[in-house]
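Chain and residue survey
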Amino acid sequence: MDTAGAGDPQHAGVRRVVASALAVLAFGLNLAIASHFDELKGFRQLDLFFNADASARVRCMVEGRCGGRSSFSHPNLALFVNPPVAAAAFVLGAARGLEPLDARRSVALAVSPLCSALEAPVVFYVLLGLGLALPQAAALALLSAVSFSQLAFGSIPEAFALSGLLLALALWLALRGMRERERRLWPWLLLG
């Protein structure tokens, strides 16, 4: 993933540490907010957060009932998200002895924070790829990770955080493609 300054091995380790720290910070903050919203039963109500249908999205990931307005606007989201949620919930349930629905709910609430955690280092590497110095890229990526919209939408079990991650990946792929002589199509097909 480290495309900016690839010829500078001295700073590669620092970049990886900063990227990892951004990911851990974003995941921790978003998961704490998501857990707090869930404790307040915010994800059990319809259209409480920015007209997002979080209750239907959680029900879809936990119970497999995926009808309604949000499935109409994002018809393939359940196909991409639910199998990994089910697999992770199976492992979590077996490791911690949780009931299957409780394990699925715990994993479902971590999907958006995980997307935010993956987006933070991608944004950092995009900024480095645009030519910003390491401190500037780190500061702007940190600002992105702790902005109100990122904290809010990265904590709600909806498609917002996944969309942000995919847009950041598209920017990163575009920057990488500009630097390579031989452009590969498969990363774009996978992202699409």
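See above for the structure.
Anyway, here's the lowdown on the structure attached to this text. Just so you know, these numbers come straight off a predicted model, no measurement behind them.

It is worth spelling out empty space enclosed by the protein at this point. According to the stated counting rule, one finds 2 cavities of 30 Å³ or more in the structure shown. If you add up the space inside the largest cavity, you get close to 90 Å³. Top element by residues in the lining of the largest cavity is helix H4 (residues 77–96). It accounts for 4 residues. Grouping the constituent residues of the lining of the largest cavity by class yields 9 nonpolar, 2 polar and 2 charged.

The grouping of Leu25, Leu29, Leu140, Leu142, Leu143 and Val146 at the surface amounts to a nonpolar patch, some 450 Å² of accessible area in total. With 4 residues, the single largest contributor to the nonpolar patch is helix H6 (residues 134–146). The topology assignment puts Leu25 in helix H1 (residues 9–39). Taking relative accessible area as the criterion, Leu25 reaches 33% and is therefore assigned partly exposed.

With that settled, consider H6. For H6, built from 13 residues, the straight-helix expectation of 18 Å at 1.5 Å per residue is met to within 8% by its first-to-last C-alpha distance of 18 Å. Among all positions of H6, only Ala137, Ala138, Ala141 and Ala145 are buried. The buried residues of H6 occupy an angular sector of 100 degrees when the element is viewed end-on, so they sit on one face. Residues of H6 that are exposed and angled more than 90 degrees away from the buried face: Pro135 and Leu143.

This part covers the nonpolar core. Leu22, Phe124, Tyr125, Ala141 and Trp172 are the most contacted members of the largest nonpolar core, which has 20 residues in total. Broken down by element, this core gets its largest block of residues, 8 residues, from helix H5 (residues 100–129). One finds Val62, Leu77, Val81 and Leu109 within the second-largest nonpolar core, a separate group that totals 12 residues.

Cut-offs and rules
- Residues numbered from 1 in each chain as written.
- Predicted model: local features only at pLDDT ≥ 70, side-chain atom pairs only at ≥ 80, totals over all residues.
- Heavy atoms only, no water.
- 1 Å grid on protein atoms, 1.4 Å probe; cavity = no way out; pocket = protein on both sides within 12 Å on 5 of 7 lines; lining within 4 Å.
- Points joined across faces, edges and corners; volume = space filled by probe spheres on them.
- Helix = DSSP H or I, 4+ residues; strand = E, 2+ residues; numbered from the N terminus.
- Nonpolar A, V, L, I, M, F, W, Y, C, P; charged D, E, K, R; others polar.
- Patch = residues over 30% accessible without salt bridge, like charges linked within 9 Å, V, L, I, M, F, W, Y side chains within 5 Å.
- Areas by Shrake-Rupley, 256 points an atom, 1.4 Å probe, with all protein chains shown as cover.
- Salt bridge = Lys/Arg side-chain N within 4 Å of Asp/Glu carboxyl O.
- Buried < 20%, exposed > 50% of the residue type's maximum accessible area, 1.4 Å probe, protein only.
- Expected span 1.5 Å × (residues − 1).
- Arc of directions from axis to C-beta.
- Core = buried A, V, L, I, M, F, W, Y, C linked by side-chain atoms within 4.5 Å.

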